[in-house]
Structure formats: C-alpha cells, structure tokens
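Listed below, chain by chain, are the residues.
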Amino acid sequence: MTISKEQVEKVASLARLTLTEEEADQYTVQLNNILQFAEKLNELDTDQVEPTSHAYPMVNVMREDEVRPSISREKALLNAPEQQDGLFKVPAVFEE
C-alpha cells in the first residue's frame, strides 16, 4: 500500500493544515515508509497466537477498599473560599 502526494494534501486540507510543496513531498515519503514497515507485520505467522485485550493477563488489580483516618470536614473547609452548611460552595453549573 502506498499513499500519493494528492492524498497527503487531501488529508492536510481536511485537517485544515497548509503544507508547502516540500512538506507535502516529505510527508508523502515518511508516510509511505511507515506503511511499508506496517506491511512487514503481515508477513508474521500469527495463526498460533490467541487474540488478547492486554499483553499481560490481569484480574482485578485494584486493592480492597478500607476505611482509614482522614482530615476532618472542618479542617478541609478551612481552605475553602466559600462554604455553606458544612460543604464547599461552588458556582452553579446549570442555570434554571
């Protein structure tokens, strides 16, 4: 598979990029080199390789939740610019 200079210019246009002639030529060569390298992967025999979603098998890697001491609500609210009824007061996100 190869990519033409016109295709590079079309993608650049869709991405709203302005390319000089030299850049278009350079990117065409670079993209073709990448595609050529990717084609080499098709030569690999993967018949005996099972599909995986992860390279390393993992099962629930999260730790168990446990209650631990933390700072008090009053101490946390000391740095709040505004508070109301023991809670942080923030600007409204939705308008009524």
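Everything quoted here is computed from the prediction, not taken from an experiment.

Parameters at a glance
Residues numbered from 1 in each chain as written. Predicted model: local features only at pLDDT ≥ 70, side-chain atom pairs only at ≥ 80, totals over all residues. Heavy atoms only, no water. Axes fitted to C-alpha atoms, helices over the stretch in contact; angles between N-to-C directions. Helix = DSSP H or I, 4+ residues; strand = E, 2+ residues; numbered from the N terminus. Parallel < 35°, antiparallel > 145°, perpendicular 65-115°, else oblique. Contact = heavy atoms within 4.5 Å. Nonpolar A, V, L, I, M, F, W, Y, C, P; charged D, E, K, R; others polar. Buried < 20%, exposed > 50% of the residue type's maximum accessible area, 1.4 Å probe, protein only. Patch = residues over 30% accessible without salt bridge, like charges linked within 9 Å, V, L, I, M, F, W, Y side chains within 5 Å. Areas by Shrake-Rupley, 256 points an atom, 1.4 Å probe, with all protein chains shown as cover. Salt bridge = Lys/Arg side-chain N within 4 Å of Asp/Glu carboxyl O. Expected span 1.5 Å × (residues − 1). Arc of directions from axis to C-beta.

A. Seen up close, the packing of helix α1 (residues 5-14) against helix α2 (residues 21-40). Viewed as axis vectors pointing N to C, α1 and α2 meet at an angle of 110°, and their least axial separation amounts to 9 Å. Accordingly, the angle class assigned to the pair α1 and α2 is roughly perpendicular. Residues K5, V8 and E9 of α1 form the contact with α2, whose participating residues are E21, A24, D25, Y27, T28 and L31. Considering only residue class, the contact of α1 with α2 consists of four nonpolar, one polar and four charged.

B. Representation of the environment of A24 in the model. The residue A24 is located in helix α2 in this model. In this structure the C-alpha to C-alpha distance between A24 and Q7, which are 17 residues apart in sequence, comes to 9.7 Å. Filtering out sequence-adjacent residues up to four positions away, A24 remains in contact with K5, V8, E9 and L19.

C. How the structure looks around unusual backbone geometry. Phi at R16 takes a positive value of approximately 60°, unusual for a residue other than glycine. Structurally, the position occupied by R16 is in the loop between α1 and α2. R16 gets classed as exposed once you look at its relative accessible area, which sits at 77%.

D. A nonpolar patch on the surface, seen in detail. On the surface, Y56, M58, V61 and M62 cluster together into a nonpolar patch covering about 540 Å² of accessible area. By the secondary structure assignment, Y56 is in the loop between α2 and α3 (73-77).

E. Region of interest: α2. Counted at 1.5 Å a residue, the expected span for α2 with its 20 residues is 28 Å, and the 29 Å between its end C-alpha atoms agrees. Of the positions making up α2, those classed as buried are A24, T28 and N32. For α2, the angular spread of buried residues about the axis comes to 70°, placing them on one side. Summarising the geometry of α2, the exposed residues directed more than 90 degrees from the buried face are E22, I34 and F37. Close packing links the buried residues of α2 with α1.

F. The arrangement of the pattern of salt bridges in detail. Evaluated as defined, the whole model comprises two salt bridges. Measuring nitrogen to oxygen at the nearest pair gives 2.4 Å for the salt bridge that ties E21 to K5. You can see E21 sitting in helix α2 and its partner K5 sitting in helix α1, a full 16 residues away along the chain. Judged by relative accessible area, E21 falls into the partly exposed class, the value being 47%. A residue is classified by how much of its surface remains accessible, and K5, at 23% relative accessible area, is partly exposed. Across the pair D25 and K5 runs a salt bridge, and its minimum N-O distance is 3.1 Å.

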